[in-house]
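Descriptive structure summary
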Amino acid sequence: SQVFADFKDFSGAGPNFRTAGGEAFLDASSIGAQGRTLYDVTKPVSSASPDGAGVWVSPDYPTPSTPCKIRVLGMAPGASLYGFKINGINGPVQVPYASSIVQAIQYAVQVDHVDVLSESLGIGAYPDNASNPISLANDAAVAAGVTVVASSGDGGNMGRLITPASDQNVITVGATTQFRSYQQLNLNGFEFGKGGYVSNNISALSSSGPSQSANRNVDVVAGGDKGWALCSPDVHMYAACTDNLNRPSRLQLANGTSESAPLVAGEAALVIQAYRSTHGGTTPSPELVRRIIMSTATDLGNTGNEQGAGLIDSYRAVRAALSIQDGAGHPAPQGDSILVNPGTPSGSLSATGIPNAPETFRVQVTNVGASSQNVRLSANVMEKPFNHTAFALTLSPSTAPTSHVLGYGLSAYVQQAFTVPAGSQRLDAAIAFDTLKNPSGYVALVLIDPAGRFAAYSNPEGIGSGYGHVDVSLPRPGVWKAFIFTPKVQANLPEHILSYSGTVHLDVALSRFTTVLDAGTSVLQPGQTASIPITLHTPAVPGDVTEKVLVTSQGVGSTAPANVVAIPVTLRTLIPIEPVAGATFGGMLTGGNGRFPGTNEAAQVFPYQFDVPPGKHDLALSLAIRDNHYNLEGILVDPRGQQLNMQGTVTGIDPVTGNPTKLTNALQFYQSDPAAGRWEFMLILVRNIPGQQTTLPFRAKISFNSVNVRAPNLPNDAHVTLQSHATLKVPVKVTNTGNTTKAFFVDPRLNKFTTFRYAPFNLTIPLTATEHSPVFYVPPQTTDFSVGAMALAPTVPISLEIFNANGVVGGAPGQTAGASLASSSPYVEGTPFRDTKTGNYAAQATVSAPEVAPGLWVAEVGQVGPYNDRGAALTSGNVFATIRVAQFDPAIGSDTGDYYTYHLGLAQAYSPLVLDPGQSGTIHLAITPNAAPGTLVAGRLYVDTISTSLIPGQGQFAVTGSGDELVALPYTYTVGAGP
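Throughout what follows, the structure given in this document is the object of discussion. (Residues numbered from 1 in each chain as written. Predicted model: local features only at pLDDT ≥ 70, side-chain atom pairs only at ≥ 80, totals over all residues. Heavy atoms only, no water.)

1. Looking at the overall build of the chain
Looking only at helices and strands, the chain has 9 helices and 57 strands in total. For the chain, whose C-alpha radius of gyration is 30 Å, the value lies close to the compact-globule estimate of 30 Å for 979 residues. When the backbone C-alpha atoms are referred to their principal axes, the chain occupies close to 100 × 70 × 65 Å. Within the chain, contacts between residues at least 6 apart in sequence are counted, and of these 80% link residues at least 24 apart. Accessible surface computed for the chain: about 35400 Å², of which carbon and sulfur atoms make up 53%. (Helix = DSSP H or I, 4+ residues; strand = E, 2+ residues; numbered from the N terminus. Rg over C-alpha atoms; globule rule 2.2 N^0.38 Å. Contact = heavy atoms within 4.5 Å. Areas by Shrake-Rupley, 256 points an atom, 1.4 Å probe, with all protein chains shown as cover.)

So, in structure tokens, the structure goes:
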């Protein structure tokens, strides 16, 4: 039957504009493919392909001697699908605006009245405070009764959840391995084994929790590495629908959590249908749908942050939905399921506290099955490795043995055997390879178990990652083999991956789980609910630990295997602050999977929180590592969620590509007069590592009142009189007490606020390929930042969004290099309205805070969909912006100038005082009062640094766009009569 009931374009390109299409076909197939056709995926190159399967193998790659015929069947083949295209021509980098996604969500809920939203997409925000437009739209959809399912992301297992997966109201889905397709095609090094495979481990590409806010983990996992999907052979319309010879095909082989999420969305549809059938047509709430899906999942023996509740079991979920007794119905129970309610909106358990603090939770367990159940609650946590082995291997494409690896061509490889002892419950293997000498080198890792079965593949998502990681639950004891391979020559693949030659470090670690809680066993009769209290403890050191509460159920008197459901737990320990001594903390850098930078995904994220006592004069945070080749970014976030300071280790960039040319090994943050309350510090590893080691520790220190800035003759008394138009010279002595070189300048402000208006932008809506979005620099001490946009045609509704873009390394105009990471937070959707004077459509976006996040802000303007076949017709528009800011004092000049007045076009000069760590220098002020005699002048002299420079001739930015406010020195005087 017809699958799609509606299809709308919100990208502006129009529904019939050529696109890759692979993502859409993968998502739709995972939900609604009906399995009507058999396809043979093992035809050799010379064979015709009458079934349209395409050519996926060649004589170079051994394949089964008999045909391998498959059919593609979705999770809910009877569902009606509604497709919403959000990725099109909205800007020079071809990524969707948040407003496009918001419009699609709104249309799906309010016009098409969908039951489930499946979102295989992600936008990184640092900090991720769940107030971005996509999260707010999804929250509204859930409040309207719609179940929302989101992919966790394809960035690897290093705390990488991004929007919308980090939203506590959505069902967040990670990916498991499903290696049958690997066997069918001898794919990705499958030939290194003897045949057979071990699936249902967490895929190396699957993003994991905890989220930055610590209350989110992956909820469940489903197949995502890799599966077949239907496609269209019309490559003129859908460019991704090609086989391994780049010829048109009705099939595609794809992977990622983008497959996993729609599988769970299909399961949600089945749950809703089943519940309605026994509850008088009532639709279950999204919260109940989530509980059913998580409560019927199967624990995989992995960590809670990676697997959530475990692998979905749609059959058990449907039986549970049929059996629930509540206010909507009392059907006869069936099956043996239990329903777990952790009592939190997110479906996970989380707490933040001081070291070793007890945290008590109450978990409700309901027997929705047909027989009495023994129910036991326990909790476990993964220990530090009890067995660790490191190898240094040499991979030489010119001398190493070779094998034809489907997807990479003729590949050179090296192998290493290692032993897994009995009793091991988790195997972690990581590789690191030198990207300083081989920046485009591509290296992959495969594990073969003692039975010769294919067990793990590192699945790199980009070139030159310098790192790869896999893990296997309940590894088989015996001798394992690691195969590390690289293309022997440059491969004809995206990014033009290159062969790697040099040392590869291989680390193998084996771990066990420790039981940290046993709450005992309860007997639950059918329909009975028990509320069971449990107490866990925060970790002894600052940071996060992920645990699992295991709910084990078994029929009374039954000898069948028990069912085990996991509840993911995140316990975060605050950095313990001593009022005088401050604090120290640290962690371990590893790496990522090379995920391409357009997703704004980091390789690794470390969120820390700490409480600042009241009355502190200044806050300093320093961090250091021993290797000066890591691209790190740190973000200091105030108690109101504004990221006031972002620093990076990049100290030089290529003005053409925007890529780093020089890095340091330390970060130093300062903040004057820090607000009392809970601050957050995030350390971000940006994409690749140099690959000299698989792990690298970092250490950090927080201190107070450590700034050394003195201006002894700065007037600060109303009784001090300075003659009008006479100059008082004031030396400001500065010592760099930090661990990095800093560029110091002074920023004098009066104790009053003024409105500053930026020059307006004229642009095309939507942007053409030669334009770039308006960028505004917001200085510190800004309380309101407001952006407005207006279309110059009265018939064109528009959208507007603004976001902080600190951290983007600038390249050519309109382009953003992927070597750094944008904060993208705060992220605000504008309010649309119609101008009463012109009748034209407009929108307004405003950010207000005691201090708005300073630095670079981007405004993106689009039209409002859905669009017809012609797409968005180009129109002209204006963008204008204002700030409410502490007024710059024109009576004070200095030999450094003020970066902010220079950047805003209010001054002509800027020449900072550059000091190395421990070095001192003097900034020379000149105070020349110009107010009327008798005027009382009061203000604050800020001593700042900046991590931004302009690229000559381009007007683009470099490094992070942020900096320090070290100290605010008050000054006061009365203007006297002139000479």
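Still to come is the rest of the account.
2. Thoughts on the side chain of Asn-459
Within the element layout of this structure, Asn-459 appears in the loop between strand E20 (454-457) and strand E21 (467-473). Given a relative accessible area of 5%, Asn-459 falls into the buried group. A polar contact of 3.4 Å, which involves the side chain of Asn-459, links it to the side chain of Asn-255. When neighbours within four sequence positions are excluded, Asn-459 is seen to be in contact with Tyr-182, Ser-203, Ala-204, Leu-205, Asp-225 and Asn-255. (Buried < 20%, exposed > 50% of the residue type's maximum accessible area, 1.4 Å probe, protein only. Polar contact = N/O pair within 3.5 Å; in protein donor to acceptor, adjacent residues only side chain to side chain.)

3. Looking at the pattern of salt bridges
Taken as a whole and assessed by the stated rule, the structure comprises 18 salt bridges. The shortest N-O distance in the salt bridge between Arg-276 and Asp-115 comes to 2.7 Å. Here Asp-115 lies in the loop between helix H2 (98-110) and strand E5 (116-119) and Arg-276 lies in helix H5 (residues 257-278), a separation of 161 residues in the sequence. Accessibility expressed as a relative area gives 28% for Arg-276, which makes it partly exposed. In this structure, Asp-964 and Lys-742 form a salt bridge, with 2.6 Å as the shortest nitrogen-oxygen distance. With Asp-964 in the loop between strand E56 (956-957) and strand E57 (965-976) and Lys-742 in strand E41 (residues 742-757), this residue pair connects regions lying 222 residues apart in the sequence. Judged on exposure class, the residue Asp-964 and its partner Lys-742 are both buried. (Salt bridge = Lys/Arg side-chain N within 4 Å of Asp/Glu carboxyl O.)

4. Some words on the pairing of strand E31 (residues 632-637)
Where burial is concerned, most of E31 is hidden: 6 out of the 6 residues are buried. Neither face of E31 is exposed, since Leu-632, Gly-634 and Leu-636 on one face and Glu-633, Ile-635 and Val-637 on the opposite face are all buried. Bridge count for E31 against strand E36 (residues 677-685) is 6 bridges, and the pairing is antiparallel. Of the residues in E36, the one forming a bridge with Leu-632 is Leu-685. Note that E31 and strand E32 (residues 643-648) share 5 bridges and pair antiparallel. If you follow Ile-635 over to E32, its bridge partner there is Met-646. Linking E31 to E32, which pair antiparallel, is a turn of 5 residues; within it Gly-641 sits at a positive phi near 85°. (Pairing = 2+ DSSP bridges.)

5. Topic: the packing of H5 against helix H6 (residues 286-295)
Relative orientation and spacing of two packed helices are given, respectively, by the angle between their axes and the distance between those axes. Following both chains from N to C, one finds H5 and H6 inclined at 110°, their axes separated by 10 Å at the closest point. With respect to H6, the axis of H5 lies roughly perpendicular. In this structure, H5 contributes Val-264, Glu-267, Ala-268, Val-271, Ile-272 and Tyr-275 to the contact, and H6 contributes Leu-288, Val-289, Ile-292 and Ile-293. Its residues placed into classes, the contact of H5 with H6 shows 9 nonpolar, no polar and 1 charged. (Axes fitted to C-alpha atoms, helices over the stretch in contact; angles between N-to-C directions. Parallel < 35°, antiparallel > 145°, perpendicular 65-115°, else oblique. Nonpolar A, V, L, I, M, F, W, Y, C, P; charged D, E, K, R; others polar.)

6. Describing the sheet that holds strand E25 (residues 529-537)
Spatially, the 3 strands line up as an open sheet ordered E11-E13-E25, and their pairing is antiparallel. Each end of this open sheet is capped by a strand with a single partner; those strands are strand E11 (338-341) and E25. The mean inter-strand angle of the sheet, taken between neighbouring strand axes irrespective of direction, is 25°.

7. Concerning the layout of surface pockets
Volume-wise, the second largest pocket comes out at about 1800 Å³. Along the walls of the second largest pocket sit 47 residues, with Met-382, Asp-544, Val-545, Met-588 and Phe-606 positioned nearest its centre. Split into classes, the residues belonging to the lining of the second largest pocket amount to 21 nonpolar, 18 polar and 8 charged. (1 Å grid on protein atoms, 1.4 Å probe; cavity = no way out; pocket = protein on both sides within 12 Å on 5 of 7 lines; lining within 4 Å. Points joined across faces, edges and corners; volume = space filled by probe spheres on them.)

8. Structural notes on the state of the cysteines
The tally for this structure, following the rule as stated, stands at 1 disulfide. We note that Cys-68 lacks a disulfide partner, and the nearest cysteine sulfur, in Cys-231, lies 19 Å from it. In this structure Cys-68 comes out as buried when scored by relative accessible area, which is 16%. (Disulfide = S-S within 2.5 Å.)

9. What about the sheet that holds strand E16 (residues 402-405)?
Read across the open sheet, the 5 strands follow the order E16-E17-E22-E19-E20; overall the sheet is antiparallel. With partners counted over all chains shown, the strands left at the sheet margins are E16 and E20, one partner each. Ignoring strand direction, the axes of neighbouring strands in this sheet form an average angle of 35°. Relative to strand E22 (residues 478-487), strand E17 (residues 409-420) runs antiparallel, the two being bridged by 10 bridges. When the sheet's bridge partners are listed, Tyr-413 is paired in E22 with Phe-485.

10. Thoughts on H2
Between its terminal C-alpha atoms H2 stretches 18 Å, which fits the 18 Å expected from 13 residues at 1.5 Å a residue. Among the 13 residues in H2, 11 count as buried, and that is most of the element. By the burial criterion, the buried members of H2 are Ala-98, Ser-99, Ser-100, Ile-101, Val-102, Gln-103, Ala-104, Ile-105, Tyr-107, Ala-108 and Val-109. (Expected span 1.5 Å × (residues − 1).)

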